[in-house]
Structure formats: C-alpha cells, structure tokens
Amino acid sequence: MGEEIKKKTPDLPVVLLAHASLPPPDQQCLLDFAKPPGIDRIFLWSGNTDILVAMVKSAEDRMNVEHDTKFAGIRVILFVEDSPVYISSLLPVLYKELVTQTQAILGHGLNEEHRLLTMRARPKILVAENYEEALQLFEEFQPYVHGVISDVRIPRNCVLDENAGVAFLSRIKKERFDIPLLLTSSEALNADKAKEIPAVFVD
C-alpha cells in the first residue's frame, strides 16, 4: 500500500505501525533496506498512546522544518537513532517534554493567538537513522541546531558501525563547540566514549 501511495503522492508521509520488530535485513545495503519500500518510518506499538502524537509531530516537523527555520528561525533538535524500538520509546518522551517546557514559559498575559504561536515555535525534532542522513541534516540546518542526541551504534557506509555515533558527535564538537550533545546507549561502558567527545551520557 505504501508503494502505491508513493506512486500517486511521493511526498506524503507513510508510517508503518508494527506490533513487533521486523526481521533483520539481509545482506543488502542498510541505507536502502532499513525500511520496506514505500515506508518513511517504522514505529512499534507498545500500548502507549503518546506514540500517535509523536508520529504526527515527527512527520509535521520534517515537512515544515525548511520553511520554519528559514522564515522564523525555529530551532532544531537532531535525534540520531536507527532502532524502531528506541525511536518509538524515546520520541514520545522528547515531544512530551518539549510541550511541557513550552507551556511552562507561556505568560498569563498572552492572548490565545500568542499562546498558539508560542506553541508552534517549539524546536523541531528531526530523526536521522544513519550517519550520512544525520550529517546531511546537520549541514543543512546547522545555524538552527539547538542540540544533538545520538546513539553510539548507527549505520555508516551501509554497515552497522560500533562508533559512528561517537564519530558524528565528535565532528560536531569540532565545528560547533556551543551545541549541547547527548550520547545514549544501553551499555554503561560507553560513558567513557562520551567523556572523550565530550558529551553528556545517558544509559
């Protein structure tokens, strides 16, 4: 169905909501085979309805980021993660926190129109699923990047690279020392790699 939709409307986001992890890809290039043809993003349903909001906001952010950064200077948070499991669990948390923080700064004197504009001015979250995509997004929106969150292990040059996330954050640190960096991993030993960048680490 995704392929048929893309034939008619190539730019329309198509998201696959699955109940379990898809089987691992075969020997084809991860960049081409990470998602089935016609699918832009895979999310895993865990029973948490926050994921539905995250799915919509993620698609909206990708569609609106070029216009909103250029004409309104909206900031960007780059989230680098290739696993649908972690994207599905972390993205709803990130969006929920952004909304909470944005609401916290709304003044009581603002009218409804100004409140709506303030909510729309929240940072965009852009998801990259491999090193090359992350680098392309960073270079394209570098003046507006507000922070970067990256996993340690992400695909690079069609291969799952054990340190591609570290290499990406290290490159950013050399170019823009002022951007906050967060390295994430399910392995606590990777905290030492974060110190070398340096970046904040979350296990």
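How each quantity is defined
All residue numbers here refer to positions counted from 1 along the written sequence of the relevant chain. Since the coordinates come from a predicted model, pLDDT governs what is reported: local features require at least 70, and pairs of side-chain atoms require 80 or more to be given and counted, while whole-chain, interface and lining totals use all residues. Heavy atoms throughout the structure, all of them, feed into the side-chain values; hydrogens and water do not. Secondary structure follows DSSP: runs of H or I at least 4 residues long count as helices, runs of E at least 2 residues long count as strands, and numbering of each begins at the N terminus. When a residue's accessible area, from a 1.4 Å probe over protein chains only, is under 20% of the maximum for its type it is buried; when over 50% it is exposed; and in between it is partly exposed. Per-residue confidence from the predictor is reported as pLDDT, a score between 0 and 100. Contact between two residues is taken to exist if any of their heavy atoms lie within 4.5 Å; hydrogens are not considered. A pair of strands is treated as paired once DSSP finds two or more bridges between them. Angles here are taken between N-to-C directions and fall from 0 to 180 degrees, while the axes themselves are lines fitted to C-alpha atoms, restricted in helices to the stretch in contact.

A. Spotlight on unusual backbone geometry. With omega at -5°, the peptide bond leading from Ile197 into Pro198 counts as cis. Position of Pro198 among the secondary structure elements: in the loop between α8 (191–196) and β9 (200–202). A positive phi angle, close to 55°, is found at Asn157, a residue other than glycine. With respect to the element layout, Asn157 can be found in the loop between β6 (154–156) and β7 (159–161). For Asn157, a relative accessible area of 58% puts it in the exposed group.

B. Geometry of the confidence of the model for the protein. Confidence in the prediction for the protein averages 88 pLDDT; 88% of positions are at 70 or higher. Here residues 25–33 scores under 50 on pLDDT; set against residues more than four positions off or in separate chains, the count is twelve contacts.

C. Just the sheet that holds strand β4 (residues 124–128), in detail. Read from one edge of the open sheet, five strands run β4-β3-β5-β8-β9, paired in parallel fashion. Two strands lie at the open edges of the sheet, namely β4 and β9, each paired on one side alone. Here the strands of the sheet are splayed against their neighbours by 20° on average, with no regard to which way each runs. Summarising the sheet, strand β5 (residues 145–151) and strand β8 (residues 181–184) pair through four bridges and their orientation is parallel. When the sheet's bridge partners are listed, Ser150 is paired in β8 with Leu183. Strands β3 (76–80), β4 and β5 of the sheet are contacted by helix α4 (residues 84–104), whose axis makes an angle of about 165° with β4. Of the strands in this sheet, β3, β5 and β8 touch helix α7 (residues 164–175), which is tilted by about 170° from β8.

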